[in-house]
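Listed below, chain by chain, are the residues.
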Amino acid sequence: MKVTRCSAQTLRIFPQQKQQTVAVGKSVVMTCQVDAPSPELVTQPQWKDPKGFIINESATGTRPEIYTEPMPMRQLQLLYISSITPSMAGNYTCVATYTNVPLSASVIIDTYVAITWTNANENQFATKGKDFKIMCEVTAEPSPSVDWFKEGNPIVTGERYVIHTNGLMIRNVEESDDGTYTCRAVVIQTGELAERNIKLEVYTAPEMEEREPRVEIREGESAAISCKARGKPNPTYSWIRASTRENLASTSRFSVQENSGLLTIDRVEAGDYGKYICSAVNQAGQNETEIEVEVLVRPRIFELYNVTAPEKQEATLECRATGRPAPRITFRKLSSPDRFLNGPNDNGRITIDTTSRQSGDQMESSAVITISKLNRTDDGLYECVAENDGGEARRNGHLTVQFRPTFENMPRIPIWSWNQRPANLSCTAESIPNATIKWRFREADLVESPQVKIYGSGPSSYVIVTPTDRGLFGPYKCIATNTLGEDEHIIHFREAFPPHTITQARQELITATSVSFNINGPSEDDGPPILAFIAQYKENGNFDWNLSLNRTWSVNSPYIVENLRPMVTYDFRFAAINQVGPGSWGAPLTVIMPRRSPPEQPKWWENESPESLVHGKYADRFELRWRVPANNGEPIDMYEINYCPVQKVTGEWRIASESECVVEELKSLEAISYEVRSLRPDTRYRMQVRAHNVLGFSLPAQLYVQTALGVERSGFAPPQMLSSGTIIGLALAGVFICLLIVDLLLLCFRRQGVIATMCGKRGKKHNDDEAKLGRDEKEPLKDTGDDAIKRNSSVEFDGHRVYATSGGPIIGKNSAV
């Protein structure tokens, strides 16, 4: 029983292997545990090293290489070896006592050297084209064996690969050698296996990309010049100016981006031209390229002077300009868009010569234009144009051609005076330099007097002559002189008289109420120009011309008298008017007015031929426009519009279908247009317009029209029946009604106004003859003398309104509108 109790107390060591092998450098922990039925009777276990010395516990805050750590509550003792070395190998013993009976247990710890990578960086870099050894040094005890793999494929020694004990040699590295290599170490004795993945990057030296060897930049602007190179890793860049070898990264106005190779130049100067070197560098090497920089300098014209030369001599203008590259200089006369060519122009009369040379950082160009046998047309501004790739410059120079005086632009017309009116005899000479003017009269120098005043001595001068004596009429000579010569101009000062009698006046077109005349005026050789014609007319039975009416027309206007009475005989006489006044009357002309009749034939506004074909703008409508014809004694009360589709057969127009002819009436007195609607597209029509009065229809105005291509349309609003004249008439009627209401109010409240005045007078009766005359004019022929000349009148003929003025000075021609 006692033996059994004693044998039950033991010490156990964990791990339980009696011999343990640990790699050098590894940490070890061993546990000694009491195995007894009464653990409280067992002392705390202790550990002894291979030399038999007790291994102490660690002091607070320390961690020695070997120490113990007790756990009394569980009767445990821990042994710690933080980093084992071969000298620490041996037999380690755990001891304790149980009721004074010693207990012990031991374990043998052996060491070995594990696989260790001593020189095997995981990232290594090779240079293309050179030999490179991928380093992989490994230590172990016993010694390991090493083999290599790339991307999982085994590598053996060959032409390009050589396996060394400390690495893999690659001969003449290529870019394809880039990748992941595996270095594997094996210790056969221990069965230890370890692998090391090494990433190899193959560096390539910079290789400059192809680019234009020459760049152009502009003066005054900012410029950027790029430089690119291929390489691994990405190269860094620097820029050097070839002429000075200065690094542009540290130079004012220049900046360099090292990573992108961009060179920036701020405010480019003319002197920035030349060669620049771009250098690219990385771990694999260096490369560079040379770039020629040309600075474009806009031309600047710094010399162009005005030139003066005499007529028929030679003149030169020189234009000088700087720029880069050398400016091309051309000339042109500012009044002409064409430039002169280098060399001879105008059959050799004008030549252009150009030269250029280096001037500092720029080029200087010169051009000379030489003009021989100068004439007055050469005078003017000449533009010098300097151009190069940087831009252009323009500058004007003036060539003044001196010439002797001339009066070629002076009018050669006589000056007239009458009734001792003062006259202005003006004289202006053209010349360079300005001319001096003197006057002569009847081959003697003109002397001032109360009747003769001279103003100005050149280049303009005028004489005011008051002809109180007829001896002051005659030729006045204006003589202009300058350094190149002289010229003279004769002004004929003549006495003016009223025009002579009109040579011929005959009637042309006559209607029931109007007559037009053809008037041949008197000769103007002996007097001022004819300004107007005046006519007096009266009924043939009235022998007193003082009671006649009159009309005055400007020269070359239609000579028409209207508002005459049908079937009445009139006497007409005519006279011409000039600045002096009206001339003497010519012989009377008797005209018998025809009876009342239908209106005259209307005339188209555009004077279209009645047989021509007019192409309309629209497919379904066409606007007819005509002039109001003469009514021949009775007012026009309507117009008839007739249109039919037609065809042209053997050169003649024929109505295609009588059933399709349309007749429309336009109830308007002054209508001059009508829009025909509901026409067929692409169809030819004959259109006619007739005027109507109480005596019948006029002859038709005829027109052939072809409508445009299109689609027929319907639903048009009815044609506008109110003409512009009708609208004006309605407006005037409204004004008249308003005035009538006002006059009635004045009559009721104040006994004043037109109606009140008329009520106090005796009404006049009209006889039967006057009633028969209808709308004919009843004004008595009472204008006489000056009163007849002062009357103004207006008439309408052939669609035009003609204004005629009587009396007073005639300033100019009245126009027919």
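Residues numbered from 1 in each chain as written. Predicted model: local features only at pLDDT ≥ 70, side-chain atom pairs only at ≥ 80, totals over all residues. Heavy atoms only, no water.

## Quick word on the sheet that holds strand β50 (residues 603-604)
Worth spelling out the cut-off: Here, strands pair whenever DSSP counts at least two bridges between them. Helix and strand labels come from DSSP, where a helix needs a run of H or I of at least four residues and a strand needs a run of E of at least two; each type is numbered from the N terminus.
Read from one edge of the open sheet, three strands run β50-β52-β56, paired in antiparallel fashion. With partners counted over all chains shown, the strands left at the sheet margins are β50 and β56 (673-676), one partner each. Taken together, the four bridges between strand β52 (residues 622-627) and β56 define a ladder with antiparallel strand orientation. Of the residues in β56, the one forming a bridge with arginine 625 is serine 673.

## What about the environment of methionine 208?
Here is the rule we go by: Two residues qualify as a contact provided that any one of their heavy atoms is within 4.5 Å of a heavy atom in the partner residue.
Considering the arrangement of structural elements, one finds methionine 208 in strand β17 (residues 192-208). A C-alpha to C-alpha distance of 6.1 Å links methionine 208 and lysine 228, two positions 20 residues apart in sequence. Leaving out residues up to four positions away in the same chain, methionine 208 has contacts with Cys227, Lys228, Ala229, Cys278, Ala280, Asn287, Glu288 and Thr289.

## A look at the sheet that holds strand β43 (residues 504-510)
Short version of the rule: Axes here mean lines fitted to C-alpha atoms, for a helix over just the part in contact, with angles spanning 0 to 180 degrees between N-to-C directions.
Pairing is antiparallel in the open sheet, where three strands are placed in the order β43-β44-β47. Strands at the two margins of the open sheet, each flanked by one partner only, are β43 and β47 (559-561). On average, adjacent strands in this sheet sit at an angle of 30° to one another, irrespective of strand direction. Here β43 runs beside strand β44 (residues 515-520); their pairing, made up of five bridges, is antiparallel.

## Topic: unusual backbone geometry
Cis rather than trans, the peptide bond between phenylalanine 14 and proline 15 has omega equal to 0°. Locating proline 15 in the fold gives a position in the loop between β1 (10-14) and β2 (19-23). Between glycine 458 and proline 459 the backbone carries a cis peptide bond, its omega angle lying at 0°. Relative to the elements of secondary structure, proline 459 occurs in the loop between β39 (452-455) and β40 (460-465). Positive phi outside glycine occurs at serine 678, with the angle close to 60°.

## Regarding the state of the cysteines
So the rule is basically this: Cysteine sulfur pairs qualify as disulfides if the two atoms are within 2.5 Å.
Here the structure, examined in full by the defined rule, presents six disulfides. Disulfide connectivity for the protein chain, with bonded cysteines indexed by sequence position, reads 1-2, 3-4, 5-6, 7-8, 9-10, 11-12.

## Some remarks on the confidence of the model for the protein chain
What counts is decided by this rule: For every residue, the predictor assigns a confidence score, pLDDT, that lies between 0 and 100.
Per-chain confidence: the protein chain averages 85 in pLDDT, with 88% of residues scoring 70 or above. For residues 712-721, every residue scores under 50 in pLDDT, and the model assigns this stretch 15 contacts once sequence neighbours within four places are set aside.

## Some points on the packing of aromatic side chains
Inclusion rule: Ring pairs are drawn from Phe, Tyr and Trp, using the six-membered ring of Trp, whenever the two centres fall within 6.5 Å, and their geometry is named by plane angle: stacked under 30 degrees, edge-to-face over 60, tilted for the rest. The buried label goes to any residue with under 20% of its type's maximum accessible area, the exposed label to any with over 50%, and the partly exposed label to all in between, with areas taken from a 1.4 Å probe on protein chains only. Charge-over-ring placement is defined geometrically: NZ (Lys) or CZ (Arg) within 6 Å of the ring centre, and within 35 degrees of the ring normal.
Taken as a whole and assessed by the stated rule, the structure comprises 17 aromatic pairs. Between phenylalanine 441 and tyrosine 476, the ring centres sit 4.2 Å apart and the planes meet at 25°, which makes this aromatic pair stacked. Within this pair, whereas phenylalanine 441 is found in strand β37 (residues 436-441), its partner tyrosine 476 is found in strand β41 (residues 474-482), the two being separated by 35 residues in sequence. Both residues of the pair, phenylalanine 441 and tyrosine 476, belong to the buried class. Every member of this aromatic cluster is reached through a ring pair, and the members are Phe517, Tyr537, Tyr570, Phe572 and Phe574. One cation-aromatic arrangement involves arginine 690 over phenylalanine 697; the distance from NZ or CZ to the ring centre is 4.0 Å.

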